[in-house]
Structure formats: structure tokens, C-alpha cells
Amino acid sequence: MQHRGEIIKKAVYESGMPISQLALRLNRSRRWVYLMFENQNVSIDVVLAIGKVINYDFSSEIYELRKNVVQEERSAYPENTTTSEYWKAKYINLLEEYNTLLKNLKND
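Residues numbered from 1 in each chain as written. Predicted model: local features only at pLDDT ≥ 70, side-chain atom pairs only at ≥ 80, totals over all residues. Heavy atoms only, no water.

A. Looking closely at a nonpolar patch on the surface. A cluster of nonpolar side chains, namely Tyr91, Ile92, Leu95, Tyr98, Leu102 and Leu105, defines an oily patch on the protein surface of about 600 Å² accessible area. When you line up the elements, leucine 105 lands in helix α6 (residues 84-107). (Patch = residues over 30% accessible without salt bridge, like charges linked within 9 Å, V, L, I, M, F, W, Y side chains within 5 Å. Areas by Shrake-Rupley, 256 points an atom, 1.4 Å probe, with all protein chains shown as cover. Salt bridge = Lys/Arg side-chain N within 4 Å of Asp/Glu carboxyl O. Helix = DSSP H or I, 4+ residues; strand = E, 2+ residues; numbered from the N terminus.)

Here it is in C-alpha cells:
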């Protein structure tokens, strides 16, 4: 499992932003920041907030953020692909193709 605190710590130090300034922007104490660096399971909300403050994208290092990126990309699809009718029709079409394949297998 990834140690999110260590990933964040590395990014913060590489950004050059002082811990006191980071804590101030997050409306937290410096102590909280140092404890967060030691936490293996930092919440995604905190990771995103820190990334925003230090202008850093954690999606290449934190797996759960990659899923969020995929979901955001999905929302960029053309409008007709987000309607329930589109997906319903697609599902029915796939079901029909699957049934046809099964029938062909049984006949062979």
C-alpha cells in the first residue's frame, strides 16, 4: 500500500513552500502537517487540498486519484453518451450480440 504521507512530504519539500506557509493556507497547525506526513492513509480530500496549495498533481503517484481523473474524462464525452437512453440502447445491443454468439456456439 502506498504511504500517502511520504508522497505528500516529498512533493511539499520539492515545491520549496515552507511548512508554516502550507499550514497557514490549509488553516491547520504546523504540527498537523508533520503528523500528516507520518500518516499512511491521508484522505484524498487532504491530498487534493495540498496539491492545490503547492500546485502539484498527485495523480501520477496516488492510485485513487487516477480513478478520479478517469471519471472527469468520462464527463468530457459528448452529451449524448451521458444520457441513460444511450447506455440503455448500448446495453441492449450488447446483450443481443451476446445471445447471438451463444446460439452460434450451441449450434456448432
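B. Representation of the pattern of salt bridges within the structure. Across all of its chains, the model carries 1 salt bridge by this definition. Of the charged contacts, one joins glutamate 14 and lysine 10 as a salt bridge, the two residues approaching to 3.9 Å between their closest N and O atoms. Of the two residues, glutamate 14 and lysine 10 both sit in helix α1 (residues 4-15), 4 residues apart, roughly one turn of that helix. Both residues of the pair, glutamate 14 and lysine 10, belong to the exposed class. (Buried < 20%, exposed > 50% of the residue type's maximum accessible area, 1.4 Å probe, protein only.)

C. Region of interest: the nonpolar core. Residues Ile8, Val12, Leu22, Met36, Ile50, Ile54 and Phe58 are the most contacted members of the largest nonpolar core, which totals 22 residues. When residues of this core are traced back to their parent elements, those giving at least two are α1, α2 (19-26), α3 (30-38) and α4 (44-54). Among all residues touching valine 12, those that are not within four sequence positions of it are Met17, Ile19, Leu22, Phe37, Ile50 and Ile54. (Core = buried A, V, L, I, M, F, W, Y, C linked by side-chain atoms within 4.5 Å. Contact = heavy atoms within 4.5 Å.)

Functional significance is not addressed by these values, which are geometric in nature.
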